[in-house]
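Architecture at a glance
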Amino acid sequence: MAVTIAKERWTSKVNEMVIGVEPNVVKVGGDSTLPFLHFEGEMPNKPVVALEVWDMEPPDWPAVLTAPFAGVLGDPAAWAKKCVEYGAGLICLRLAATHPDNKDATPEEAAQSALKVAGAVDVPLIVIGSGVEEKDAAVMEKVGEALNGRKCLIGCATVNNYKTITASCMVNGHNIIASSPLDINLAKQLNILITEMNLAADRIAIDPLVGALGYGIEYAYSIMERSRLGALTGDKMLAMPVICFVGQEAWKSKEAKTEDNEEWGAQERRAILWEVVTATSFAQAGGSIFVLRHPESLKQFNTHIAEMMKPNNY
Amino acid sequence: MPDFLVEFDPDGRQAYISEQDNLLQAIAAAGIPLKASCGGKGTCNRCKTLVRAGKVKSAASGKLTEAELAAGYVLACQSTPESDLVLEVPEESRLSEHRVVLDGLPAGESNAILPEDEGLCKDGECDPLFKKIVVRVPGPTLEEAEDDLGRLFRVLRKQIGADHLRADLETMRSLPAVLRQSGWQVAVSLTEARGYKAVGVEEVEPDGLARKYYGLAIDIGTTTVVVHLVDLETGVSLGVKGTYNRQAIYGDDVISRIIHAVENKDGLRELQKAVLATINELTADLLREHDLKATDVRVAVCAGNTTMTHLFLGLDPAYIRLEPYTPAANSIPALRAHRVGLKIYPQAWVQCLPGIASYVGGDITAGVLVTGMAFSDQMTLFIDIGTNGEMVLGNKEWLISCACSAGPAFEGGGVRHGMRAMRGAIEHVRIAPGGMVVDFTTVDSAPPVGICGSGLIDCIAGLYSAGVIDRSGNILPDLKTPRVRESDEGMEFVLAWSHQSGRKVDITISEAEIKNLIRSKAAVFAGVNSMLKMVGLPLDAIERVIIAGGFGRYINIKDAVGIGLLPDLPLEKYTYIGNSSVKGAKMVLMFRRAREEVEEIARKMTYLELSAGNTFMEEFVSALFIPHTDLSLFPSLQPQ
Ligand code: FES
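Residues numbered from 1 in each chain as written. Chains lettered and ligands numbered in written order. Predicted model: local features only at pLDDT ≥ 70, side-chain atom pairs only at ≥ 80, totals over all residues. Heavy atoms only, no water.

Comments concerning the interface of chain A and chain B
At the junction of the two partners, chain A supplies 14 residues and chain B supplies 16 residues. For the pair chain A and chain B, the summed buried area comes to about 1100 Å², and 51% of that belongs to carbon and sulfur atoms. For the pair chain A and chain B, the number of links is 2 salt bridges. The shortest N-O distance in the salt bridge between B:Glu618 and A:Arg226 comes to 2.7 Å. In this assembly, chain A and chain B are joined by 7 residue pairs in polar contact (both at pLDDT 80 or more). Elements supplying a minimum of two residues to the side of chain A that touches chain B: α5 (162-172) and α6 (184-195) of chain A. When residues in the side of chain A that touches chain B are grouped by element, the largest group, 7 residues, is from α6(A). Along the lines of polarity and charge, the residues of the side of chain A that touches chain B split into 6 nonpolar, 3 polar and 5 charged. (Contact = heavy atoms within 4.5 Å. Buried area = accessible area lost by both parts, 1.4 Å probe. Salt bridge = Lys/Arg side-chain N within 4 Å of Asp/Glu carboxyl O. Polar contact = N/O pair within 3.5 Å; in protein donor to acceptor, adjacent residues only side chain to side chain. Helix = DSSP H or I, 4+ residues; strand = E, 2+ residues; numbered from the N terminus. Nonpolar A, V, L, I, M, F, W, Y, C, P; charged D, E, K, R; others polar.)

Quick word on the packing of helix α4 (residues 133-146) of chain A against α5(A)
To describe two helices that pack against each other, one gives the angle between their axes and the distance between the axes. All names here are of chain A. With their axes 8 Å apart at the nearest point, α4 and α5 run at an angle of 5° to one another. Relative to α5, α4 is oriented roughly parallel. Contacts between α4 and α5 involve Asp-136, Ala-137, Met-140, Glu-141, Gly-144 and Glu-145 from the first element and Thr-164, Ile-165, Ser-168 and Asn-172 from the second. Split by residue class, the contact of α4 with α5 holds 3 nonpolar, 4 polar and 3 charged. (Axes fitted to C-alpha atoms, helices over the stretch in contact; angles between N-to-C directions. Parallel < 35°, antiparallel > 145°, perpendicular 65-115°, else oblique.)

Quick look at the nonpolar core
Counting residues in each nonpolar core, the largest one holds 104 residues, and the members touching the most others are B:Ile218, B:Phe312, B:Leu342 and B:Val368. Counting residues per element, this core draws most heavily on helix α6 (residues 267-289) of chain B, which supplies 8 residues. If sequence neighbours within four positions are ignored, B:Ile218 has contacts with B:Val225, B:Val226, B:Val227, B:Ile279, B:Ala300, B:Val301, B:Cys302, B:Ala303, B:Leu342, B:Val582 and B:Ala585. With 76 residues, the next largest nonpolar core counts A:Val49, A:Leu147, A:Val246 and A:Leu292 among its residues. (Core = buried A, V, L, I, M, F, W, Y, C linked by side-chain atoms within 4.5 Å. Buried < 20%, exposed > 50% of the residue type's maximum accessible area, 1.4 Å probe, protein only.)

Some remarks on the pattern of salt bridges
Opposite charge on two side chains permits them to pair, given that their charged atoms come into close proximity. Residues and elements named next belong to chain B. Within this structure, the stated rule accounts for 39 salt bridges over all chains. With a shortest N-O distance of 3.9 Å, Arg-592 and Asp-127 are connected by a salt bridge. Of this pair, Arg-592 sits in helix α15 (residues 592-604) while Asp-127 is found in the loop between β7 (85-88) and β8 (130-136), placing the two residues 465 residues apart along the sequence. Given a relative accessible area of 34%, Arg-592 falls into the partly exposed group. What makes Asp-127 buried here is its relative accessible area of 15%. Here Arg-592 and Glu-192 are joined by a salt bridge, their closest N and O atoms 2.7 Å apart. With a gap of 400 residues between them, Arg-592 in helix α15 and Glu-192 in the loop between β10 (185-191) and β11 (199-206) connect regions that are remote in the sequence. Shared partners join several salt bridges into a network, and the residues in it are Asp-127, Glu-192, Arg-592 and Arg-595.

Re the sheet that holds strand β16 (residues 335-336) of chain B
Residue and element names in this part refer to chain B. Spatial strand order, β14-β13-β12-β15-β17-β16: 6 strands in an open sheet with mixed pairing. The open sheet terminates on both sides in strands that have one partner only, identified here as β14 (237-244) and β16. Packed on one face of the sheet, α6 meets β12 (214-220), β13 (224-231), β14 and β15 (297-304) and runs near 145° to β14. (Pairing = 2+ DSSP bridges.)

Thoughts on the domain arrangement of chain B
Reports often express the size of an interface as the amount of accessible area lost when the parts come together. All names here are of chain B. According to the domain assignment, chain B consists of domain 1 (3-93), domain 2 (130-209), domain 3 (214-352), domain 4 (372-408 + 518-637) and domain 5 (418-509). Using only C-alpha atoms to locate each centre, domain 3 and domain 4 end up separated by 25 Å. Contacts between domain 3 and domain 4 engage 22 residues on the former and 14 residues on the latter. Its largest share of buried area at the contact with domain 4, domain 3 owes to Asp-219, Val-301 and Tyr-325, together 29% of the area lost on that side. Inspection of the domain 3/domain 4 interface yields 0 salt bridges. Our count for the contact surface shared by domain 3 and domain 4 stands at 4 residue pairs in polar contact (both at pLDDT 80 or more). Class assignment of the residues belonging to the side of domain 3 that touches domain 4 gives a composition of 12 nonpolar, 7 polar and 3 charged. (Domains from an automatic or database assignment.)

Notes on the side chain of B:Ser622
Looking at where B:Ser622 falls in the secondary structure, it is placed in helix α16 (residues 615-623). Its relative accessible area of 6% is what places B:Ser622 among the buried residues. Here B:Glu619 takes part through its backbone oxygen, which lies 3.0 Å from a polar atom of the side chain of B:Ser622. Excluding residues within four positions of it along the chain, B:Ser622 makes contact with A:Asn185, A:Gln189, B:His628 and B:Thr629.

Quick word on the packing of helix α3 (residues 148-160) of chain B against helix α4 (residues 169-181) of chain B
Residue and element names in this part refer to chain B. Where α3 meets α4, the axes come as close as 10 Å, and the angle between the chain directions of the two elements is 75°. Put simply, α3 runs roughly perpendicular to α4. Here Asp-148, Leu-149 and Leu-152 of α3 lie close against α4, whose contacting residues are Met-172, Leu-175, Pro-176, Leu-179 and Arg-180. For the contact of α3 with α4, a count of residues per class yields 6 nonpolar, no polar and 2 charged.

Remarks on the domain arrangement of chain A
Residue and element names in this part refer to chain A. Considered domain by domain, chain A is made up of domain 1 (64-152) and domain 2 (180-305). Measuring from the centre of the C-alpha atoms in domain 1 to the corresponding centre in domain 2 gives 20 Å. Of the residues lining the interface, 11 residues belong to domain 1; the matching set on domain 2 comes to 12 residues. Regarding the contact of domain 1 and domain 2, the summed buried area is about 980 Å², with carbon and sulfur atoms giving 77% of it. If you sort the residues of domain 1 by the area they bury against domain 2, Val-64, Leu-65 and Arg-94 come out on top, with a joint share of 52%. Counting every contact that joins domain 1 to domain 2 gives 0 salt bridges. If you look at where domain 1 meets domain 2, you find 2 residue pairs in polar contact (both at pLDDT 80 or more). Contributing elements (two or more residues each) for the side of domain 1 that touches domain 2: α1 (63-66), β4 (90-94) and β5 (125-128). Looking at the side of domain 1 that touches domain 2 residue by residue, the classes come out as 9 nonpolar, 1 polar and 1 charged.

Topic: the packing of aromatic side chains
Residues and elements named next belong to chain A. One pass over the full model with this rule turns up 10 aromatic pairs over all chains. Taken together, a centroid distance of 5.9 Å and an interplanar angle of 85° make the contact between Phe-69 and Tyr-86 edge-to-face. Of the two residues, Phe-69 sits in the loop between α1 and α2 (76-85) while Tyr-86 sits in the loop between α2 and β4, which places them 17 residues apart along the sequence. The buried category is assigned to Phe-69, whose relative accessible area is 0%. Ring geometry for Phe-290 and Phe-301: centres 4.8 Å apart, planes at 45°, overall tilted. With Phe-290 in strand β10 (residues 287-292) and Phe-301 in helix α11 (residues 295-308), this pair connects stretches of sequence that are 11 residues apart. (Phe/Tyr/Trp six-rings, centres within 6.5 Å; stacked < 30°, edge-to-face > 60°.)

As structure tokens, then:
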């Protein structure tokens, strides 16, 4: 008996965001269906991966994660180049040194680091602060200025600091990451606040603050799925592509941090799997930009995505 | 263990406390009204007290300034005595400063829903809970020698059409003499008592000697208590008085009161004493003004939320707060005044209006009664916004209710310069774009001393449309107005400068308070939306909205819709009815039909527990925005 393929008819689609400048642009979003349902609608852009680069040596990365970057960890520009060699579609520069508990680097110093990385690679840049809201606002003001015209994706803007970061994006032509804690309404509220400052909706990416496998992944999954359904049914304030900071979450897990042992086996394989499984799950939920840490995770994730992007045979 | 004598200056009152007791307890014992918003946790600074003489030990000094500490101020709740003391409770810590004047309802808080007081009993349709009627009892003869009581009952049955009658011992003791002395014409006191089928014959007096009789309608609110002294023959309220509930010293909201009752050895007694003192004092004032005796008051009807009713009667409130939220009693039979502790005629019945659940009490059944919604075709939404937001939706077919914690903000609590709608309260605010200029009006056009609920609603709406705050309530950076400034407690906005104000201080609202108000309004709106979802109706199915509560005289409906407190419905669907709780109590006092209706309302109304399931939380978060995350729910606010 022939199987009839049920198809939903959606009225709307996810915004398409352009990061970077020609000829090295990366486009994300634009989907007019749920992830990978090629038979039902368009999925013009595949999910992309950014590898993480820091402006200081990460103090608590395990050896299995620092090994691929041996020799470049103290030098963000070299580190970024290495990431491109590993096949990163974008670089995500984390300005961890600006954290008051780290080096408390000034916004100007942060801007210098960002410029160095931008000068070293061709791929588009994502730049994020240290997560201290007030400091991030000050930092992004300068970083946005320094990277003027490069159409980066910068953040993370929260309900408490979005004003300054949005202004910086508008003046300097960047895209913005809007972070809100795992709640579809809060995400939408921040998007409204940002667009009401007149930043175009297609220059916003939603960061739903996902958790890793075993750490609330199902919750993040359903939030992402709901925002995708919102986007497809015409909710303009949920029609933004989603960015998932998977690396930071996966490498925080006990499963990734625990060294080789008999019961759990080799750390390297286990940690990478943790990162990959988290990322591929979110790709299924509708994530568009994936910030990962290990080059092997990037490879495995891209292999998976390549399979998933093949047209369906019906 | 030594007891220390604490004297209060200039009040001339005294109290004895032990070295373990804190000064707040002394203040409570001396009966000085004070509002300990935080319930004595040392966080609200409301209990600031000056030590004029003696030594105290303070565990914490909260937000007292250097200057205040140097001047000898302490937080009463955080301080214990080390010697005899002389204390001064400064004006700003007191409630009495604004002793609520409700004598005569303020303009706008209309009584329209009740028949005009004057004519309440004109058509003879009054049947108060207590009344005296004159009857002629035929005397006995040898042929017809029925007993005195049987003889009286037979006449009464005919005259009032009651099947069941009951007399108490006192009546029977005095009956033979009274009947014979009065020549068989007597005034009989009749009462109906909730939970008793029979009409009670309370007293038999010789006709012509009987005194006039009165009743009380009482609203026991968490924040304020209101008493009407009612002439039961005419239904006229001879006087109305209101004041702060003395329980305020044990915390702002029902939860902190319950905690006080449960966690302190004498907590429940203290709370009961405090509310009884409040009611008894108001009653005594009313009686004095009308030259009446306590014994002239022969019945009282009380409407209060479930917690207030429990505390009033000394019922254990512990389980109201704990899952699955079970009150000791929703439906309370009539009780004798002397058992309850009301200082009126000792044998008078005290009736409490029936409640529905832990957070929907007799004040709400009273409100529903007043609105008439339970017997109307129109789909009605009734919202009582006080410390708790209680909502009822429905019509004559069904009624559903729910309650959310709106916080005390709309009654002026939890906001540093918040107050009730009394003289000097800012009740209307207009803010020019950019926040440079603020226009306001105050109650009685007095110099501003604070801001009341309706003013706060205006204020949020005004700050948003002036571009001072964003939809989340953040004060925006880079504003050019001197009214926005940094304070110890974060950003704040100056509504009135000290030179304008009646208190010589700037009247401000802080960002934290704005966000708090947004939480309050979100809770109310989320409650309404949760009920609608439960019954599967859209917002525009609501045909009228009736608002009750502590907003003050005029709530600006347009601004209330503008901030997303109330649903976006045409303004003509809205009515404000003021204190519906006391009006309901008065109706029950005066009309049999109202008594029957209130019972039916209590039977019929279902309760939606918002803490069960996820709907409410989701609704709440989406309402934490001006006006709402789903802007399509507020079509009239969309730019055209
Ligand atoms: S600080 Fe003393 S009662 Fe709140």
